[in-house]
Amino acid sequence: MGEQEAGATAHGHRAGRPGFATRAVHGAAAPPVGQRPASTPIYQTSTWRFDTLQDFAEVIAQERDGFVYGRGYGNPTVAAFEATMASLEGTGAAMAFDSGMAAVHTVATTLARSGDRIVASPQVYGGTYSLLATVLPRYGIAVDFVDPTDLSAVETALEGAAALYVETIANPLLTVADLAALGALCARTGVPAVVDNTVATPYLCTPAAFGFTHVLHSASKYIGGHSDLIGGAVCASADAVAALGATARETGGAMQPLEAWLCLRGLATLALRVERHCATAQAIAELLAGHRRVTATRYPGLPGDPSHGTGQRILCGGSGGLVAFDLEGGLEAATAFCEALTIPWIGASLGGPHTLVAHPASTTHRQIDPEVRRRQGMGDGFIRLSTGLEDPADLLADIEAALAACG
Ligand code: PLP
């Protein structure tokens, strides 16, 4: 029996103290700290304890502040991220989600119900397009796709609509929406104005200043900034956020504490990273625009770009970190180019430290009818490049070599 007391088993009780499993479950309380840490603690807990049933009842009924459960009832780490996002976007509040798509879905299903109609730009991220075009109609929500640059068509469509949905810088065509004009139209007609500000980030644009009521993000991109999390956020008034919370507590999709902590860390360097992404993207766009193998370059920072003028008015401090271009020679040339690159990787997503290239027609936008896709400006040789944080000179040399290698 060695050291073990006579009569006790390895897991058994000893007089005066709880058993092994009880001690393991209840552990020791964390010692009081009495100092403030530089980094927000990660409150990695799903549930919270109350001293009385009355306390529990009052907090869950939102009669007083407190935390209940990690599925949309709040968490201190998540709340710190939400408060920072609201501050950066200039809104009264924010709610964080476990993906950008959960944010989009919660906004759509909170603002619209069966029988309602949403007016949306057709130039949106592929997953959003699928949600709007195929999922929402299954639940009786109709979606009218209207070109957001045609303001009179938008105005007509807004009559009786439940919401307008656009992207500040559309992924992947990089068209800049005239948020000032669209926000004014929505304010005049009383229609909630929703914008996906993922590609612009709040460093380049704060759409609430143009009257947008719901500003959403895929935090998986520039906000997280390191390609190591999936998350989302919606910034809006306190009442609008309360309405989103009421939906999300039943449908799920709230952000979790570790992701919120990673997002807070990402936000600390957002300004520096976005400045670098913008400067690199501008240099790459200028290289591509002058190259004989490139038939079209889309970057709002180029003076000849269709969105240059709008970008100058809507964006402040840069034109974003994405560049899109069409290569002469279609899919074959796009394949040769992407596979000849040695620094950028082929892969999904954007806004991380690694430069990424993607061929939307065969990947993220494969759901879109090829004719519609080509009409929108995404030819078969269309490539989207998300600048990373590598040395710009290395990237420029690599891109130039890959262009030479594709014929
Ligand atoms: N919005 C934009 C502009 C995106 O690019 C993406 C994803 O690529 C999303 C929303 C969806 O975000 P998530 O992948 O975090 O669900």
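Above this text is the structure in question.
Nothing here was measured: the structure is a model prediction, and the numbers come from that model.

Visitor: Help me understand the nonpolar core in this model?
Guide: As a rule of thumb, nonpolar side chains are buried together in soluble globular proteins. By size, the foremost hydrophobic cluster in this structure holds 77 residues, and its most contacted members are Phe-81, Phe-325, Leu-327, Phe-337 and Ile-399. Ranked by residues supplied to this core, first place goes to helix α11 (residues 270-289) with eight residues. Leu-136, Ile-141, Val-234 and Ala-248 belong to the second-largest nonpolar core, a separate cluster that totals 30 residues.

Visitor: Just checking my understanding: could you explain helix α6 (residues 151-158) for this structure?
Guide: Helical periodicity: at 3.6 residues per turn, an α-helix aligns residues three or four positions apart in one direction. All of the buried residues along α6 are Val-154, Ala-157 and Leu-158. The arc that holds every buried residue of α6, seen down its axis, measures 100°, which confines them to one face. Exposed side chains of α6 directed beyond 90 degrees from the buried face belong to Ser-152 and Thr-156. Where α6 is buried, its residues contact β2 (117-120), β3 (142-145), β4 (163-167) and α7 (179-189). Remark: Gly-160 follows α6 within two positions and exhibits a positive phi of approximately 80°.

Visitor: Would you explain the sheet that holds β4 in this entry?
Guide: Pairing is mixed across the open sheet formed by seven strands, whose spatial order is β1-β7-β6-β5-β4-β2-β3. The two strands at the open ends of the sheet, each matched to only one other strand, are β1 (93-97) and β3. The mean angle between the axes of side-by-side strands here comes to 20°, regardless of whether they run parallel or antiparallel. With four bridges joining them, β2 and β3 adopt parallel strand pairing. Of the residues in β3, the one forming a bridge with Ile-118 is Val-143. The strands touched by helix α4 (residues 100-111) within the sheet are β1, β2, β4, β5 (193-196), β6 (214-218) and β7 (232-236), with β6 carrying the most contacts at an inclination of about 155°. In this fold α6 packs onto β2, β3 and β4, with an angle of close to 170° to the strand it touches most, β2.

Visitor: Would you explain the packing of aromatic side chains in this entry?
Guide: Two descriptors summarise a pair of aromatic rings, namely the distance from one centre to the other and the angle between the planes of the rings. Per the counting criterion, the structure on display carries five aromatic pairs. Ring geometry for Phe-50 versus Phe-56: centroids 4.9 Å apart, planes at 5°, classification stacked. Residue classification places Phe-50 among the partly exposed positions, given a relative accessible area of 24%. Residue classification places Phe-56 among the partly exposed residues on the basis of a relative accessible area of 35%. Taken together, the ring pairs connect Tyr-43, Trp-48 and Phe-67 into an aromatic cluster.

Visitor: Sorry, what's going on with the site of the ligand here?
Guide: Around the ligand sit 13 residues, and of these Gly-100, Asp-196, Ser-218, Ser-220 and Lys-221 come closest. Here an oxygen atom of the ligand and a side-chain polar atom of Ser-218 are 2.8 Å apart. Within the contact set of the ligand, an oxygen atom lies 2.9 Å away from a side-chain nitrogen or oxygen of Lys-221. If the ligand stood free it would expose 390 Å²; the protein chains cover 91% of that surface. Across the shell around the ligand, the residue classes tally to three nonpolar, seven polar and three charged.

Visitor: Can you walk me through the sheet that holds strand β12 (residues 382-386) in this structure?
Guide: Within a sheet, adjacent strands bond to each other through the backbone by hydrogen bonds, running parallel or antiparallel. With mixed pairing, the five strands of this open sheet are ordered in space as β8-β9-β12-β11-β10. One side of each edge strand has no neighbouring strand; the edge strands of this open sheet are β8 (294-298) and β10 (345-346). Across the sheet, helix α13 (residues 330-340) touches β9 (322-327), β10, β11 (356-358) and β12, and the angle it forms with β9 is around 130°.

Visitor: So what exactly am I meant to see when it comes to the pattern of salt bridges here?
Guide: Side-chain pairing between opposite charges can occur once the charged atoms of the two side chains come close. Applying the stated criterion across every chain yields a total of ten salt bridges. For the salt bridge of Arg-298 with Asp-305, the shortest nitrogen-to-oxygen distance reads 3.7 Å. Both residues of the pair, Arg-298 and Asp-305, belong to the buried class.

Visitor: Is there a simple way to explain the environment of Ala-334 in this structure?
Guide: Position of Ala-334 relative to the elements: it lies in helix α13. Accessibility expressed as a relative area gives 2% for Ala-334, which makes it buried. When the C-alpha positions of Ala-334 and Gln-282 are compared, they lie 21 Å apart, and in sequence the two are 52 residues distant. Discounting residues that sit within four places of it in the chain, Ala-334 has contacts with Leu-327, His-359, Gly-381 and Ile-383.

Visitor: In this structure, what is going on with a nonpolar patch on the surface? I would like to understand it.
Guide: A surface patch of nonpolar side chains, amounting to about 310 Å² of accessible area, comprises Leu-53, Phe-56 and Ile-60. For Phe-56, the position within the fold is in helix α2 (residues 53-60).

Visitor: What's the story with the pairing of β5 in this structure? I'm lost.
Guide: Across the two faces of β5 the burial is the same, with Ala-193 and Val-195 and Val-194 and Asp-196 all buried. Looking at chain direction, β4 and β5 are connected through four bridges and run parallel. Across the sheet, the residue bridging to Glu-167 is Asp-196, located in β5. Remark: the β4/α7/β5 crossover connection has right-handed handedness. Pairing of β5 with β6, which is carried by three bridges, proceeds in the parallel orientation. Of the residues in β6, the one forming a bridge with Val-194 is His-214.

Visitor: Could you clarify how one ought to interpret the packing of helix α3 (residues 76-89) against helix α10 (residues 257-268) in this entry?
Guide: The description of two helices packed together rests on the angle between their axes and the distance between the axes. In contact at an axis separation of 8 Å, α3 and α10 are set at 35° when each is read in the N-to-C sense. When you trace α3 past α10, the crossing you get is left-handed. Along its contact with α3, which presents Thr-77, Val-78, Ala-80, Phe-81, Thr-84, Met-85 and Leu-88, the element α10 presents Pro-257, Ala-260, Trp-261, Cys-263, Leu-264 and Leu-267. Per-class residue counts for the contact of α3 with α10 are eleven nonpolar, two polar and no charged.

Conventions we followed
Residues numbered from 1 in each chain as written. Predicted model: local features only at pLDDT ≥ 70, side-chain atom pairs only at ≥ 80, totals over all residues. Heavy atoms only, no water. Core = buried A, V, L, I, M, F, W, Y, C linked by side-chain atoms within 4.5 Å. Buried < 20%, exposed > 50% of the residue type's maximum accessible area, 1.4 Å probe, protein only. Helix = DSSP H or I, 4+ residues; strand = E, 2+ residues; numbered from the N terminus. Arc of directions from axis to C-beta. Contact = heavy atoms within 4.5 Å. Pairing = 2+ DSSP bridges. Axes fitted to C-alpha atoms, helices over the stretch in contact; angles between N-to-C directions. Phe/Tyr/Trp six-rings, centres within 6.5 Å; stacked < 30°, edge-to-face > 60°. Near = heavy atom within 4 Å. Polar contact = N/O pair within 3.5 Å; in protein donor to acceptor, adjacent residues only side chain to side chain. Areas by Shrake-Rupley, 256 points an atom, 1.4 Å probe, with all protein chains shown as cover. Nonpolar A, V, L, I, M, F, W, Y, C, P; charged D, E, K, R; others polar. Salt bridge = Lys/Arg side-chain N within 4 Å of Asp/Glu carboxyl O. Patch = residues over 30% accessible without salt bridge, like charges linked within 9 Å, V, L, I, M, F, W, Y side chains within 5 Å. Right-handed = clockwise from strand over helix to strand, strands pointing away. Left-handed = near helix turned anticlockwise from the far one by under 90°.

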